[in-house]
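What follows is each chain in one-letter form.
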Amino acid sequence: MSKIILTGDRPTGKLHIGHYVGSIKRRVELQNSGEYDETFIMIADAQALTDNADTPEKVRQNIVEVALDYLSCGLDPKISTLFIQSQIPELCELSFYYMNLVTVSRLQRNPTVKSEIQMRNFEASIPVGFFTYPISQAADITAFKATTVPVGEDQLPMLEQTKEIVRRFNMIYDEVLVEPDVLLSENKACLRLPGTDGKAKMSKSLNNCIYLSDTEDDVKKKIMNMFTDPNHIRVDDPGQVEGNPVFIYLDAFAKPEHFAEYFPDYQNLSEVKEHYSRGGLGDVKIKRFLNNVLQEELAPIRARRKEYEKDIPAVYEILRKGSEKAEAVAAQTLSEVKRAMRINYFEDMDYINEQSKKFTNK
Ligand code: TRP
């Protein structure tokens, strides 16, 4: 069986380093591993509109931002197919049929939807489209017969929902759809990077994100202002490592070779953590180290972005070509789905002849 990757992001803002360590870095590694037959990366604008119906311009503007973020991280349009969800009408058709396989109570139990409803204060006024987006996400994944979906941890319930739909479809109709596997980061710190303010999640509205497109200066300022252990007042005070965002970022980004280069007093992160816990190691020193580590990771991303920014029409052309290719794949799956569901009337000459006999022999 082919090995196929599908994943994507909602274009509601520029991507930040939480997206990067949570999923995008991994996608680039998978793309470059040569182990996959196809890699599809989708800008989920239709899903973004499910809770941004009245701000379409925001979604529109972020298409190119997200595309630039993808390309600058090293997703290569020669290997990966980058496309825009709304340009693939087959996804809507698949969603419409999958809706018959899912109950309202099952959607209400979806933990991601539940917490998002709370976060947005939707309660009784949830748009139907938003409520059912796990179904459309199942369409996204199955349309490409994806075997592997690299995403952040918050997407696990979506994958569960998709697997249920696949099983139900294949049981009722025919073995057409493929059950996908989720791929999470193995590094725990990467699963959910906190905001620079120490809040659980990076979010644009909280103004606590480091963006992939931030300048060197922006990044440095944000790091130097980061929240650490509020009780670590004097350098000699013992500091708390656990839950301290500076250390979580180091867990996510620091590599063994960084110590010799930027922090030669220490061999590895455990030594730094131990000194901090004991007392005698100041926040500023650690923040400077983190800044060096992060700048090293972001510099090539920034450089690639600059190149792509010089030719924005070419970026749209990449998305247009990608969308064309993606549509052809989705159309093939949709035709198999319709055949399995017995709604392929005009392709089925045997059926037409059978019907004909029934009526002429009356
Ligand atoms: N729900 C994802 C997010 O919020 C975006 C998304 C849409 C997606 N369809 C997908 C991710 C299919 C993986 C597979 O970021």
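Provided above is the structure to which this section pertains.
As the structure is a prediction and not an experimental result, all values here were calculated from the model.

What about unusual backbone geometry?
Thought 1: In this structure, Asn207 is a non-glycine residue whose phi angle is positive, near 60°.
Thought 2: Along the chain, the position of Asn207 falls in the loop between helix 10 (188-191) and helix 11 (216-224).
Thought 3: Here Asn207 falls in the exposed class, since its relative accessible area comes to 71%.

What about the site of the ligand?
Thought 1: Not every one of the 14 residues close to the ligand is listed here, only the nearest: Arg10, Gln47, Gln137, Asp140 and Gln155.
Thought 2: Between Gln47 and the ligand, the recorded distance is 2.7 Å, taken from a side-chain N or O atom to a nitrogen atom.
Thought 3: Separating a nitrogen atom of the ligand from a side-chain N or O atom of Asp140 is a distance of 2.7 Å.
Thought 4: About the coverage of the ligand: the protein hides 91% of its 370 Å² of free accessible area.
Thought 5: Secondary-structure elements contributing two or more residues to the shell around the ligand are strand 1 (4-9) and helix 8 (133-143).
Thought 6: A per-class count over the shell around the ligand returns six nonpolar, five polar and three charged.

Overview of helix 6 (residues 111-119)
Thought 1: Within the span of helix 6, buried status applies to Thr112, Val113, Glu116 and Ile117. The buried side chains of helix 6 occupy one side of the element, clustering within an arc of 130° when seen end-on. Facing away from the buried side of helix 6 by over 90 degrees, the exposed positions are Lys114, Gln118 and Met119.
Thought 2: Near the N-terminus of helix 6, the side chain that reaches the backbone nitrogen of Thr112, with its oxygen 3.0 Å away, is that of Asn110.
Thought 3: Downstream of helix 6 by one or two residues, Asn121 has phi in the positive range, about 55°.

Here's the deal with the pattern of salt bridges
Thought 1: If you walk through the whole model with that rule in mind, you get 25 salt bridges.
Thought 2: Between Glu179 and Arg167 there is a salt bridge; the shortest N-O distance is 3.2 Å. Taken together, the residues Glu179 in the loop between helix 9 (156-172) and strand 5 (181-183) and Arg167 in helix 9 connect sequence positions 12 residues apart.
Thought 3: When the shortest N-O distance is used, the salt bridge between Glu274 and Arg278 registers 3.6 Å. Remark: Arg278 and Glu274 occur in helix 14 (residues 269-278); sequence separation between them is four residues, near one turn of the helix. Like Glu274, the residue Arg278 is exposed in the burial classification.
Thought 4: Salt bridges linked by common partners bring Glu65, Asp69, Arg305 and Glu309 together as one network.

Thoughts on the side chain of His16
Thought 1: Mapped onto the elements of the fold, His16 is located in the loop between strand 1 and helix 1 (17-33).
Thought 2: We classify His16 as buried; its relative accessible area is 10%.
Thought 3: A polar side-chain atom of His16 sits 3.0 Å from the main-chain amide nitrogen of Gly18.
Thought 4: With residues up to four places along the chain from it excluded, the contact list for His16 reads Met202, Cys209, Ile210, Tyr211 and Leu212.

Parameters and conventions
Every residue gets a number counted from 1 within its own chain, in the order that chain's sequence is written. Reporting in this predicted model follows two pLDDT cut-offs: at least 70 for local features of residues, and 80 or more for side-chain atom pairs to be given and counted; totals over whole chains, interfaces and linings ignore these cut-offs and use all residues. Computation of side-chain values: all heavy atoms of the structure, hydrogens and water removed. Numbering of helices and strands runs from the N terminus, with a helix taken as a DSSP run of H or I at least four residues long and a strand as a DSSP run of E at least two residues long. Relative accessibility decides the category of a residue: with a 1.4 Å probe and only protein chains considered, values under 20% of the type maximum give buried, values over 50% give exposed, and everything between is partly exposed. Distances are taken per atom, and a residue is near a molecule or strand as soon as one of its heavy atoms is within 4 Å of it. Whenever two N or O atoms come within 3.5 Å, that pair is a polar contact, provided that in protein one can donate a hydrogen and the other can accept it, and provided that, for residues adjacent in sequence, both atoms are side-chain atoms. Note on areas: these come from Shrake-Rupley sampling with a 1.4 Å probe, and a residue is covered only by the protein chains present in the view. Here the term charged refers only to Asp, Glu, Lys and Arg, the term nonpolar to Ala, Val, Leu, Ile, Met, Phe, Trp, Tyr, Cys and Pro, and the term polar to all other amino acids, Gly among them. It is the directions from the helix axis to the C-beta atoms whose arc is reported. For this analysis, a salt bridge means a side-chain nitrogen from Lys or Arg found within 4 Å of a carboxyl oxygen belonging to Asp or Glu. Should any heavy atoms of two residues lie within 4.5 Å, those residues are considered in contact.

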